[in-house]
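Listed below are the residues making up each chain.
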Amino acid sequence: MTPTGAVRTFGAEQIIVSKTDLQGRITYANDVFVEVSGYTEVELLGQPHSLIRHPDMPRAVFQALWDTVAAGREIFAYVDNLAADGAHYWVLAHVTPSFGPGGRITGYHSNRRCPEPAAIRAVSGLYAQLREAEQQHGTGRAAVEAGSALLRQVLADRGQTYDQFVWQVISEAQGAAA
């Protein structure tokens, strides 16, 4: 899908919900996900969640996301998604592992809300820096490592983890909206 630059939003009361298996294939999509993504439920189920990945999203953010949930922890992340018609929509994603018998991770659950515009502005600068670092190394593993190294450095310079960065953005964006 080629991005059109059109922006899509959804209601503050709406929550996009999806579940995936361990490989990231979509096993559940709620009606809001179907509506906002522009795909049908049939088109979504069984597809990799990367189906909706916007090409401007830094790979380092997804690396951090997958590393965190694969380790059994939750993560909040700002993500720009790409709809079936080429429009894009930002989300504040809360992704958690789902556990089965014996505490084994069986899949992942994601709830996504529409972020405040101030939050999108706050993360866009960092994401642009990460993309630039990644683009200097092509599209493979070296690109992910370059973006991840820059993300770690930026966060270390701020004295924050990614979670702390996201919570700071949430707090400041809510303050700006009030």
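Relevant structure appears above.
Residues numbered from 1 in each chain as written. Predicted model: local features only at pLDDT ≥ 70, side-chain atom pairs only at ≥ 80, totals over all residues. Heavy atoms only, no water.

**Q** I'd like a description of the pattern of salt bridges, backed by residues and values.
**A** For the structure on display, the rule yields 3 salt bridges. Here Glu145 makes a salt bridge to Arg141, at a shortest N to O gap of 3.5 Å. You can see Glu145 and its partner Arg141 sitting in helix α5 (residues 141-158), 4 residues apart, about one turn around the helix. With relative accessibility at 49%, the residue Arg141 sits in the partly exposed group. (Salt bridge = Lys/Arg side-chain N within 4 Å of Asp/Glu carboxyl O. Helix = DSSP H or I, 4+ residues; strand = E, 2+ residues; numbered from the N terminus. Buried < 20%, exposed > 50% of the residue type's maximum accessible area, 1.4 Å probe, protein only.)

**Q** Explain the packing of helix α4 (residues 117-135) against helix α6 (residues 162-177) to me, using residue names and the numbers behind them.
**A** Angle between the axes and distance between the axes: these two values describe a pair of packed helices. Where α4 meets α6, the closest approach of the two axes is 7 Å, and the angle between their N-to-C directions is 145°. Contacts between α4 and α6 pair Ala118, Ala119, Ala122, Val123, Leu126 and Tyr127 from the former with Tyr162, Phe165, Val169, Ala173 and Ala176 from the latter. (Axes fitted to C-alpha atoms, helices over the stretch in contact; angles between N-to-C directions. Contact = heavy atoms within 4.5 Å.)

**Q** Quick one: what's the story with the pairing of strand β3 (residues 75-82), residue by residue and with numbers?
**A** The buried fraction of β3 amounts to 8 of the 8 residues, a majority that puts the element mostly inside the structure. The side-chain alternation of β3 yields two buried faces, one formed by Ile75, Ala77, Val79 and Asn81 and the other by Phe76, Tyr78, Asp80 and Leu82. In terms of strand pairing, β3 meets strand β4 (residues 88-99) through 8 bridges, oriented antiparallel. Note that in β4 the partner of Val79 across the bridge is Val91. Two successive antiparallel strands, β3 and β4, enclose a turn made up of 5 residues, where Gly86 displays a positive phi of approximately 95°. (Pairing = 2+ DSSP bridges.)

**Q** Give me the layout of surface pockets: which residues, what numbers.
**A** There is about 330 Å³ of room inside the largest pocket. The wall of the largest pocket is formed by 22 residues, among which His49, Ser50, Phe62, Leu65 and Trp66 lie closest to the centre. Taken together, the elements giving at least two residues each to the lining of the largest pocket come down to β1 (16-20), α3 (59-70), β3, β4 and β5 (105-113). Here the lining of the largest pocket gets 4 residues from one element, more than from any other, and that element is α3. Residues that form the lining of the largest pocket fall into these classes: 11 nonpolar, 8 polar and 3 charged. (1 Å grid on protein atoms, 1.4 Å probe; cavity = no way out; pocket = protein on both sides within 12 Å on 5 of 7 lines; lining within 4 Å. Points joined across faces, edges and corners; volume = space filled by probe spheres on them. Nonpolar A, V, L, I, M, F, W, Y, C, P; charged D, E, K, R; others polar.)

Remember, this is a structural readout, not a statement about activity or role.
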